[in-house]
Amino acid sequence: MKGLLPPGKVSQEEASGTDGGARALPPHADVVLDDGHGAAVISIGFTRYAPGGGTDFAACPDATLVPVDACTASTLADGSTLVLLQGYEYPDRHVPTKRWDAMLLHPDGGLVTLTEWNAPAEKDAAVTRDEPPLTLAQLTAVVGDPKAWDPVLAGLPAPAPVTEQRLGMTRQEMITVLPTLLPAGLSTAGADGQDGYTHLTVDDGKGASLVEVNADDLGRRDADPQALLGPGDVSVLPDGSHLVVNRNADSGGKGGSGIVRWTVAVVRPDGTRVVVAATNSAAARLNATRATPALTVEQMQAIATSPAWHLHPITSTH
């Protein structure tokens, strides 16, 4: 790793190879580099997925949920996917620690991840420079050096594909259903999501408001519904579903100024769950754009209890 870095003083070297046995850490190398403009930690790590796996690392994150300054994903000549991400260690940016990542996913499932910060430690260290030391071009060169890293990837056993079946809805199904359940008079933007989850921003002319839906199978039909739903006002619906309304939902400590978040959660008798959340901003991490969310609790309940959230068997291989 040191041979691929730009000139500077290297310290705090730590690494693990492919020869440490089953209980060893995954192969990685961490150093602190000071190029004369401030010390910064740089880390590289290696993972092998089954062929076709690791796709979560082959795309930029959802910008509504993960704040970044820039991100690109490109396909290289050999079929590998390179993601270059310029973001932050803390989504709410309560400290100015920047984190830049280069992730190279090979077609055979080998993944090389190179990460750098603008501080001598990833957390709990004062920043020493405005930006991490390696440019995007340098990150690309280091993460993609075949002479250095192909032997490491070759030393990792390829896991067998894992096939699982669960109740749920695909990303596209989730994205398609939510707009059909919204009340009239709202403009929408930014629809995105993943299997079992979707979000979009609505605006009734009084400010943007994030709406999110999770739909999943808890697999715990004999459990206490309130324990599964969390705090809030509980009621039982005519079909036996349990409903919890929470007007003081927690934003996970990542909320902006003045954030109000409401949730309506339903656990059906068959153990499936639908949770609708609405926030009074375009994202929970941003400052409030309005006094309360754009949807009323009654409108959220109508969305959560809709039969349109039809969970069905989904088979995935990874």
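Heads up: these notes are all about the structure in this document. (Residues numbered from 1 in each chain as written. Predicted model: local features only at pLDDT ≥ 70, side-chain atom pairs only at ≥ 80, totals over all residues. Heavy atoms only, no water.)

## Things to note about the overall build of the chain
1) Next: Counting its regular elements, the chain contains five helices and 16 strands.
2) Next: Projected onto its principal axes, the C-alpha coordinates of the chain cover approximately 65 × 45 × 35 Å.
3) Next: Each of the 318 residues in the chain was classed as buried or not, and the buried ones make up 42%.
4) Next: Taking contacts inside the chain between residues at least 6 apart in sequence as the whole, the part at least 24 apart equals 55%.
5) Next: Approximately 15600 Å² of the chain is accessible, and the part contributed by carbon and sulfur atoms is 53%.
6) Next: Separation between the mean location of the 22 positive side-chain charges and that of the 37 negative ones in the chain comes to 2 Å. (Helix = DSSP H or I, 4+ residues; strand = E, 2+ residues; numbered from the N terminus. Buried < 20%, exposed > 50% of the residue type's maximum accessible area, 1.4 Å probe, protein only. Contact = heavy atoms within 4.5 Å. Areas by Shrake-Rupley, 256 points an atom, 1.4 Å probe, with all protein chains shown as cover. Lys, Arg positive; Asp, Glu negative; His and termini not counted. Charge placed at Lys NZ, Arg CZ, Asp CG, Glu CD.)

## Observations regarding the environment of Lys9
1) Next: Note that Lys9 resides in strand β1 (residues 9–16).
2) Next: Placed 27 residues apart in sequence, Lys9 and Gly36 show a C-alpha to C-alpha distance of 8.1 Å.
3) Next: Excluding its chain neighbours within four sequence positions, the residues that come into contact with Lys9 are Val32, Leu33 and Asp34.

## Topic: the sheet that holds strand β10 (residues 197–203)
Strands belonging to one sheet form pairs held by backbone hydrogen bonds; the direction of such a pair is parallel or antiparallel.
1) Next: Strands sit in the order β9-β10-β11-β15-β14-β13-β12 across an open sheet of seven strands; the sheet is antiparallel. Sheet topology places β9 (187–194) and β12 (233–236) at the edges, where each strand pairs with a single neighbour. Shown here is a sheet whose adjacent strand axes are inclined to one another by a mean of 15°, direction ignored.
2) Next: In the sheet, strand β14 (residues 261–267) pairs with strand β15 (residues 272–279) via seven bridges, with the strands oriented antiparallel. Across the sheet, the residue bridging to Val264 is Val276, located in β15. (Pairing = 2+ DSSP bridges. Axes fitted to C-alpha atoms, helices over the stretch in contact; angles between N-to-C directions.)

## A few points about the pattern of salt bridges
1) Next: Counted by the stated rule, this structure contains 11 salt bridges.
2) Next: Across the salt bridge formed by Arg129 and Asp35, the nearest N and O atoms sit 2.8 Å from each other. Separated by 94 residues along the polypeptide, Arg129 in the loop between β7 (110–117) and α1 (136–143) and Asp35 in the loop between β2 (28–34) and β3 (39–48) bring together distant segments of the chain.
3) Next: One salt bridge in this structure joins Arg261 and Glu212, with 2.8 Å as the shortest N-O distance. On the criterion of sequence distance, the pair formed by Arg261 in strand β14 and Glu212 in strand β11 (residues 208–217) is long-range, its members being 49 residues apart.
4) Next: What makes Arg261 buried here is its relative accessible area of 17%.
5) Next: Look at the salt bridges and you will find they share partners, linking Glu89, Arg99, Asp101 and Lys123 into a network. (Salt bridge = Lys/Arg side-chain N within 4 Å of Asp/Glu carboxyl O.)

## Section: the state of the cysteines
1) Next: Under the defined criterion, the tally for this structure stands at one disulfide.
2) Next: Residue pairing for Cys60: its cysteine sulfur links by disulfide to Cys71, the two sulfurs lying 2.1 Å apart. With the S-S dihedral at roughly -95°, the linkage between Cys60 and Cys71 falls on the left-handed side. With Cys60 in the loop between β3 and β4 (68–75) and Cys71 in strand β4, this pair connects stretches of sequence that are 11 residues apart.
3) Next: Here Cys60 falls in the partly exposed class, since its relative accessible area comes to 30%.
4) Next: Residue class for Cys71 comes out partly exposed when judged on its relative accessible area of 22%. (Disulfide = S-S within 2.5 Å.)

## Here we look at α1
Since one α-helical turn is 3.6 residues long, residues separated by three or four positions face the same way.
1) Next: Taken as a whole, α1 has its buried residues at Leu139, Val142 and Val143. Along the axis of α1, the buried positions cluster into a sector of 90°, meaning they face one direction only.
2) Next: Contacts from the buried residues of α1 go to β5 (81–88), β6 (98–105), β7 and α2 (146–154). (Arc of directions from axis to C-beta.)

## Remarks on helix α3 (residues 171–181)
1) Next: When α3 is considered as a whole, its buried residues turn out to be Met174, Ile175, Val177 and Leu178.
2) Next: On the buried face of α3, the contacting elements are β9, β10, β11 and α5 (297–304).

## What about the sheet that holds β4?
1) Next: Taken in spatial order, the seven strands line up as β1-β2-β3-β7-β6-β5-β4 in an open sheet, and their pairing is antiparallel. At either margin of the open sheet sits one strand with a lone partner, and together these are β1 and β4. Taken pair by pair, the neighbouring strands of this sheet meet at an average axis angle of 10°, ignoring direction.
2) Next: Sheet analysis places β6 next to β7, joined by seven bridges and oriented antiparallel. Its bridge partner being in β7, Asp101 is matched across the sheet by Thr115.
3) Next: Of the strands in this sheet, β3 and β7 touch α2, which is tilted by about 45° from β3.

Note that every value here comes from positions in space, so none of it alone points to a role or purpose.
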